[in-house]
Amino acid sequence: MKLDECLMYDLLLLQTARYYKLEDNGDRAQSNRDLVELFLAIQEKSKPELSVEIGALQASFSIEMKKRLLQAQTIAFEANPYVFEHFSKTAEVSNSGVEYLHMAVAGHTGNIELFLNKKVVGKVVSKIDGRSSLLTRPGLGNEAEPVSVPCTTLTDYLAKRDLEQSKFCAWIDVEGASKEVLTGAEAILDKCLSIFIEVEQYPYWKGQW
């Protein structure tokens, strides 16, 4: 992508942000939808060779990327074994052409404890829940069950697949564990064209960046 195109997108974000009242739930949701669509449009311009989705749940971003950029390799990582088992059997994922993997992306390669939510703010939640994390969420009646899952750094995984030189984009939604993901990818971030990453308004997770 040319510099003037990057500046155009940056200015577009600055210009349109004032149209949203972020204290209003409806406006917040709309701003998120518009930002997602903008990020997808950027991918059509920058044309990454590889798309990486970390904390994939049902791999929505990867599936959409596969539709828009047929030649791009798409990899979706999902750490929660119950989420993975459920969505890996769906036609939407299995017929998408996306590599959907049961693995956490972290700051080391091996195994790691993932904390599955049992209760959030005192309410029982399903095991097929997108709020499991490598971090704990203390207080407010929250309860979590630790489970050991395979993990890898993004650097190690792409090197193992001979993809470490690929220009890539990343979608990261890891419930507070961005430090673990990004420190494990430090050696290859210069190959990353763009990142869409979830951040929290409050420090929900213990030890989060």
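Residues numbered from 1 in each chain as written. Predicted model: local features only at pLDDT ≥ 70, side-chain atom pairs only at ≥ 80, totals over all residues. Heavy atoms only, no water.

### Quick look at the overall build of the protein
Note the threshold: Only DSSP runs of H or I reaching four residues or more are called helices, and only runs of E reaching two or more are called strands; each is numbered from the N terminus. Every radius of gyration here is taken over C-alpha atoms, with the globule rule written as 2.2 Å times N^0.38, N being the number of residues. Each residue gets one of three labels from its accessible area relative to the maximum for its type: buried under 20%, exposed over 50%, partly exposed in between, using a 1.4 Å probe on protein chains only. By definition, residues are in contact when any of their heavy atoms lie within 4.5 Å. The protein chains shown are the only cover counted for residues, whose accessible areas, like all others here, come from Shrake-Rupley with a 1.4 Å probe.
Looking only at helices and strands, the protein has seven helices and nine strands in total. Taking 2.2 N^0.38 as the reference for a compact globule, 209 residues should give roughly 17 Å; the C-alpha atoms of the protein span a radius of gyration of 17 Å, in line with that estimate. Residue burial in the protein is summarised as follows: out of 209 residues, 41% are buried. Counting only contacts in the protein whose residues sit at least 6 apart along the sequence, the fraction spanning at least 24 positions is 69%. A total of about 11600 Å² of accessible surface is found on the protein, and carbon and sulfur atoms cover 54% of it.

### Focus on the pairing of strand β8 (residues 168–172)
Here is the rule we go by: Here, any two strands with at least 2 DSSP bridges between them count as paired. Convention used here: a crossover is right-handed provided that the path from the first strand, over the helix, to the second strand proceeds clockwise when the strands point away from the viewer.
The element β8 is extensively covered by neighbouring structure, given that five of its five residues are classed as buried. Here β8 shows a buried face lined by Phe168, Ala170 and Ile172 and a second buried face lined by Cys169 and Trp171. Where strand β1 (residues 50–54) lies against β8, five bridges are found, and the strand directions are parallel. Within the sheet, the bridge partner assigned to Val52 lies in β8 and is Ala170. Sheet topology places β8 next to strand β9 (residues 192–197); five bridges connect them, and they run parallel. In the sheet register, Ala170 faces β9, and the bridge partner there is Ile195. Handedness of the crossover joining β8 and β9 through helix α7 (residues 178–183) is recorded here as right-handed.

### Concerning the sheet that holds strand β7 (residues 143–152)
Strand order in this open sheet of four strands is β4-β7-β5-β6, and the pairing throughout is mixed. Each having just a single partner strand, β4 (104–105) and β6 (123–124) make up the two edges of the open sheet. As judged from the nine bridges shared by strand β5 (residues 110–120) and β7, these two strands associate in the antiparallel manner. Its bridge partner lying in β7, Asn117 is registered against Ala144.

### So, the packing of aromatic side chains
Convention followed: Two aromatic rings from Phe, Tyr or Trp, using only the six-membered ring of Trp, form a pair when their centres are within 6.5 Å; if the ring planes differ by under 30 degrees the pair is stacked, by over 60 it is edge-to-face, and anything between is tilted. Cation placement over rings: the criterion is NZ of Lys or CZ of Arg within 6 Å of the ring centroid and within 35° of the ring normal.
All chains considered together, the criterion is met by eight aromatic pairs. The interplanar angle of 20 degrees and the centroid separation of 4.8 Å between the aromatic rings of Phe61 and Trp171 together place this pair among those described as stacked. Here Trp171 lies in strand β8 and Phe61 lies in helix α3 (residues 60–68), a separation of 110 residues in the sequence. Here Phe61 and Trp171 have matching classes, each one buried. Measuring from ring centre to ring centre gives 6.0 Å for Tyr202 and Tyr204, while their planes differ by 75 degrees; the resulting arrangement is edge-to-face. Taking the relative accessible area as the measure of exposure, Tyr202 reaches 48% and is therefore partly exposed. Judged by its relative accessible area of 35%, Tyr204 is partly exposed. One aromatic cluster is present, built from ring pairs that chain together Phe39, Phe61, Trp171 and Phe196. The ring of Tyr204 has Arg137 sitting right over it, with the charged end atom 4.6 Å from the ring centre.

### Concerning the packing of helix α2 (residues 25–46) against α3
Inclusion rule: As a rule, the C-alpha atoms of each element are fitted with a line to give its axis, helices using only the stretch in contact, and angles between N-to-C directions run from 0 to 180 degrees. When describing relative orientation, an angle under 35 degrees is termed roughly parallel and one over 145 degrees roughly antiparallel, while 65 to 115 degrees is termed roughly perpendicular and anything else oblique. Handedness of a crossing follows from how the near helix is turned relative to the far one, being left-handed for an anticlockwise turn of less than a right angle and right-handed for a clockwise one. Following the grouping adopted for this structure description, the nonpolar residues are Ala, Val, Leu, Ile, Met, Phe, Trp, Tyr, Cys and Pro, the charged ones are Asp, Glu, Lys and Arg, and the polar ones are all others, Gly among them.
Relative to each other, α2 and α3 sit at 40 degrees, their axes nearing to 11 Å. If you check the angle between α2 and α3, you find them oblique. The interaxial crossing formed by α2 with α3 has right-handed handedness. Judged by residue contacts, Glu37, Phe39, Leu40, Ala41, Gln43 and Glu44 of α2 engage Phe61, Glu64, Met65 and Arg68 from α3. Considering only residue class, the contact of α2 with α3 consists of five nonpolar, one polar and four charged.

### Remarks on the pattern of salt bridges
The condition is simple: By definition here, a salt bridge exists when the distance from a side-chain nitrogen of Lys or Arg to a carboxyl oxygen of Asp or Glu is within 4 Å.
Tallying each qualifying case throughout the model produces seven salt bridges. In this structure, Glu64 and Arg68 form a salt bridge, with 2.8 Å as the shortest nitrogen-oxygen distance. Taken together, the residues Glu64 and Arg68, both in helix α3 and four residues apart, mark about one turn of the helix. Look at Arg68 and you get partly exposed, because its relative accessible area is 24%. Close ionic contact of Glu85 with Lys89 constitutes a salt bridge, the shortest N to O distance being 3.5 Å. The class of Lys89 is exposed, set by a relative accessible area of 63%. Here the salt bridges do not stand alone but share partners, grouping Glu37, Glu44, Glu64 and Arg68 into one network.

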